[in-house]
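Working through the structure, step by step
Listed here are the chains, written in short residue letters.
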Amino acid sequence: MELQIAFITGLAAIHLFAGKLQRLSALPRSAWLSFAGGVSVGYVFIHIFPALNDAHQTIEEHGPLVFLEHNGYVAALFGLGVFYGLEQVAKRHTRRDLAQTPVSSQRERGVFWIHIGSFSLYNALIGYLLVYRDNQLPEVAFFFLAMGFHFLVNDHGLAQHHRHNYLAKGRWVLAAAVVAGWLVGNAYEVTEAVISLLYAFVAGGLVLNVLKEELPEDRHSRFWPFAGGAAICAALLVFA
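Keep in mind it's a predicted model, so treat the numbers as computed, not measured.

Scoring rules and cut-offs
- Residues numbered from 1 in each chain as written.
- Predicted model: local features only at pLDDT ≥ 70, side-chain atom pairs only at ≥ 80, totals over all residues.
- Heavy atoms only, no water.
- Core = buried A, V, L, I, M, F, W, Y, C linked by side-chain atoms within 4.5 Å.
- Buried < 20%, exposed > 50% of the residue type's maximum accessible area, 1.4 Å probe, protein only.
- Helix = DSSP H or I, 4+ residues; strand = E, 2+ residues; numbered from the N terminus.
- Contact = heavy atoms within 4.5 Å.
- Phe/Tyr/Trp six-rings, centres within 6.5 Å; stacked < 30°, edge-to-face > 60°.
- Expected span 1.5 Å × (residues − 1).
- Axes fitted to C-alpha atoms, helices over the stretch in contact; angles between N-to-C directions.
- Parallel < 35°, antiparallel > 145°, perpendicular 65-115°, else oblique.
- Left-handed = near helix turned anticlockwise from the far one by under 90°.
- Nonpolar A, V, L, I, M, F, W, Y, C, P; charged D, E, K, R; others polar.

With respect to the nonpolar core
General note: in soluble globular proteins, nonpolar side chains tend to be found buried as a group. By size, the foremost hydrophobic cluster in this structure holds 55 residues, and its most contacted members are Tyr43, Phe143 and Met147. Listing elements by their share of this core, those giving two or more residues are α1 (2–18), α2 (31–54), α4 (72–99), α5 (105–130), α6 (137–161), α7 (163–187), α8 (192–214) and α9 (223–239). Sorting elements by how many residues they give to this core places α8 first, with eleven residues. Once you skip the residues sitting within four places of it in the chain, phenylalanine 143 turns out to touch Tyr43, Ile126, Leu129, Leu130, Arg133 and Tyr199. The next biggest cluster of nonpolar side chains, apart from the first, holds five residues, and it includes Ala18, Leu33, Ala36 and Val153.

Have a look at this one:
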């Protein structure tokens, strides 16, 4: 329990302080951000996705979930689709804002809360899933590092997009969401099958959220730090 308290506090602290790291905003994109994105994606492909196969038997043994057999990857695709849709909604409103003079502050706040609301749910799920990590140090430490790097990437993107609102409100909401999810996880248990599906959903969202920050041309992202982060994470997971 003490280990989990330390890690959930660390995840919340990343939200509180990452948005203030001015050096990460430089162009070309900070190598650390690309490295962080690589670590997060490496964790999904080497650890979470293979675990979906292991969950097949668990899902099959739970009657109400039998219709979800083999559908862990569908849950991952659903997670990717949900966050892609939310991102498109936010971008569409942003383009309308830029076309208006003056920009509607009410519309700007609406876009901000779309982003914060979706990432709050996402963070709460990550906090909830931390409860179900093995309390052995390597297992929970890998989860913490992968999610911590992922939060760093997300924070940078949100701070760039909603600078004042994010620093004033958003980072506090996201920090509270991950802690709230962890508290709910300690209070309410669900079956291993449901946990596997939640992992899959989060994995799909993680891939989308990392790649949307890395791929746009205006990010001037760096391939080698990204590849290095993915390779180091993969090596540690395979050989640790």
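Thoughts on the packing of aromatic side chains
Applying the stated criterion across every chain, the model contains 13 aromatic pairs. The interplanar angle of 65 degrees and the centroid separation of 4.8 Å between the aromatic rings of phenylalanine 112 and tryptophan 113 together place this pair among those described as edge-to-face. Plain terms: the ring middles of tyrosine 128 and tyrosine 132 are 5.5 Å apart, the flat faces sit at 35 degrees to each other, and that makes the pair tilted. By relative accessible area, which is 25% here, tyrosine 132 ends up partly exposed. By way of ring pairs, the aromatic residues Phe78, Phe83, Phe119, Tyr122 and Phe201 are connected into one cluster.

Details of α8
Every α-helical turn comprises 3.6 residues, leaving residues that sit three or four positions apart pointing alike. When the terminal C-alpha atoms of α8 are compared, their 33 Å separation across 23 residues agrees well with the 33 Å that a helix rising 1.5 Å per residue should span. Of all the 23 residues making up α8, 19 are buried; the element is thus mostly covered by neighbouring parts of the structure.

Some remarks on the side chain of histidine 150
Structurally, histidine 150 can be placed in helix α6. Beyond its immediate stretch of four places on either side in the chain, histidine 150 contacts Ser40, Tyr122, Leu206, Asn209 and Val210.

Overview of the packing of α1 against α7
At a minimum axis distance of 8 Å, the contact between α1 and α7 shows a crossing angle of 160 degrees. The pairing of α1 with α7 is recorded here as roughly antiparallel in orientation. The chirality of how α1 crosses α7 is right-handed. Across the interface between the two elements, Gln4, Ile5, Ile8, Leu11, Ala12, His15 and Leu16 from α1 touch Tyr166, Arg171, Trp172, Leu174, Ala175, Val178, Val179 and Trp182 from α7. The residue inventory of the contact of α1 with α7, partitioned by class, reads twelve nonpolar, two polar and one charged.

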